[in-house]
Amino acid sequence: MKTQIKNQPKGSVTLRKNISGISSFLAIMFVVTALFLSSCRKKEKEVVEVEDTEQSTANDNNVAESYVSDIESIGSQVSENGSLETYRTSGSAGIEAMEAAGCAVITVVGQIITVDFGTTPCVGKDGRSRTGKLIYDFSGSTSGAIRYRNPGFNMSVSSQNYVVNDYTVNITNKTISNITPNSTSNLKWSIAANISIVKPNNAGTVTWTCNRTKELTNTNDTNCYRGQAFPIDWKKAIVKLNGNASGVNAKAENYTSVATDLVRDFNCAPEPVLRPHRHPFISGTVVYTPGSRPVRTIDYGNGACDMTATVTIRNKVFTINLP
């Protein structure tokens, strides 16, 4: 017996074909749309990665590191022997030389030392222009400590209209304490600071809070340090800084930074003619994290006496000039 195949209506066949065609079309459109969206997301991600090569906030942190270290260094010299050997403009070392050069007036009242750079920009041999005052008070020292080199020495720092190279530096509080554990150890200090720095040309304000340790790494070098009976010869000093900092950068982002083995060698002067007393960091790193953006690593090198550092953002490396 033969099976009878009934003819189906032409409309039904056409409908199925149309439905099949529409389904195929929709499937193709779904694939195209998915690929398009994936491509857009990829391009958007690529754009973000390319744009985030910003270095200005990392450089602001570098300025803060340098200027805050500079303030502490000035205090270490005036409290150690009443001189500013590495900051004077001419003549022999000492208070008299600074005053005679017209670059700063240093006054000592008991255990308070004021360094007044005046209202007309005073350019020292480190090449930096300064105005305003820095006040160093070491009346809070313990154990009979009267000098920066003495264990138990404690110094607080304040400022009045202090400006460096057009950056206004406001010290909310800053303290330096000698924490050298014993007579056979390298001289060591703890540093705590809360400072704001107003950038020139209304470019923003950086707040900077830190806790650091400072170590005189060549304490055993008798050309630099000959014991508690003699002042440190800062022209021969090599110091190392470690510790954390945090604050708000000029882009209004919260940030953190970690300094590891920042070395400043006072024997190093990359520009001996123009700035014979400019002594930059020559090695060590600062890991700087601005908000939720990628980490910036500032690398000061491996000890070469120069005025450059690098900033690494992901795999991109940029060279910057030190302030």
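Residues numbered from 1 in each chain as written. Predicted model: local features only at pLDDT ≥ 70, side-chain atom pairs only at ≥ 80, totals over all residues. Heavy atoms only, no water.

**Considerations on the overall build of the chain**
- For the chain, the helix and strand inventory stands at three helices and 14 strands.
- Residues counted as buried form 43% of the 323 residues belonging to the chain.
- Expressed as a percentage of contacts within the chain between residues at least 6 apart in sequence, the contacts between residues at least 24 apart total 51%.
- For the chain, the exposed area adds up to about 16,500 Å²; of that, 55% sits on carbon and sulfur atoms. (Helix = DSSP H or I, 4+ residues; strand = E, 2+ residues; numbered from the N terminus. Buried < 20%, exposed > 50% of the residue type's maximum accessible area, 1.4 Å probe, protein only. Contact = heavy atoms within 4.5 Å. Areas by Shrake-Rupley, 256 points an atom, 1.4 Å probe, with all protein chains shown as cover.)

**Structural notes on the packing of aromatic side chains**
- Applying the stated criterion across every chain, the model contains nine aromatic pairs.
- When the centroid spacing of 4.6 Å and the interplanar angle of 25° are considered together, the rings of tyrosine 148 and tryptophan 189 count as stacked. You can see tyrosine 148 sitting in the loop between strand 4 (129-137) and strand 5 (154-164) and its partner tryptophan 189 sitting in strand 7 (residues 188-198), a full 41 residues away along the chain.
- An aromatic cluster of at least three residues, connected via ring pairs, comprises Phe138, Tyr148, Phe153, Trp189, Trp234 and Phe266.
- We note lysine 214 situated over the ring of tryptophan 189; from NZ or CZ to the ring centre the distance is 5.6 Å.
- The ring centre of phenylalanine 230 lies 4.1 Å from the NZ or CZ of arginine 226, which sits over that ring. (Phe/Tyr/Trp six-rings, centres within 6.5 Å; stacked < 30°, edge-to-face > 60°. Lys NZ or Arg CZ within 6 Å of the ring centre and 35° of its normal.)

**Considerations on the nonpolar core**
- Grouped together as the largest cluster of nonpolar side chains are 61 residues, with contacts concentrated most on Val115, Tyr136 and Leu216.
- Here the element with the most residues in this core is helix 2 (residues 56-81); it accounts for eight residues. (Core = buried A, V, L, I, M, F, W, Y, C linked by side-chain atoms within 4.5 Å.)

**Considering the state of the cysteines**
- If you walk through the whole model with that rule in mind, you get one disulfide.
- Here cysteine 268 engages in a disulfide with cysteine 305; their sulfurs sit 2.0 Å apart. What sets the handedness of the cysteine 268 and cysteine 305 disulfide is the S-S torsion sign, and at about 95° it is right-handed. Separated by 37 residues along the polypeptide, cysteine 268 in the loop between strand 10 (254-265) and strand 11 (281-290) and cysteine 305 in the loop between strand 12 (296-302) and strand 13 (308-313) bring together distant segments of the chain. (Disulfide = S-S within 2.5 Å.)

**Concerning the confidence of the model for the chain**
- Per-chain confidence: the chain averages 84 in pLDDT, with 77% of residues scoring 70 or above.
- Across residues 88-101, where pLDDT falls below 50, the model places 29 contacts with residues more than four positions away in sequence or in other chains. (pLDDT = per-residue confidence, 0-100.)

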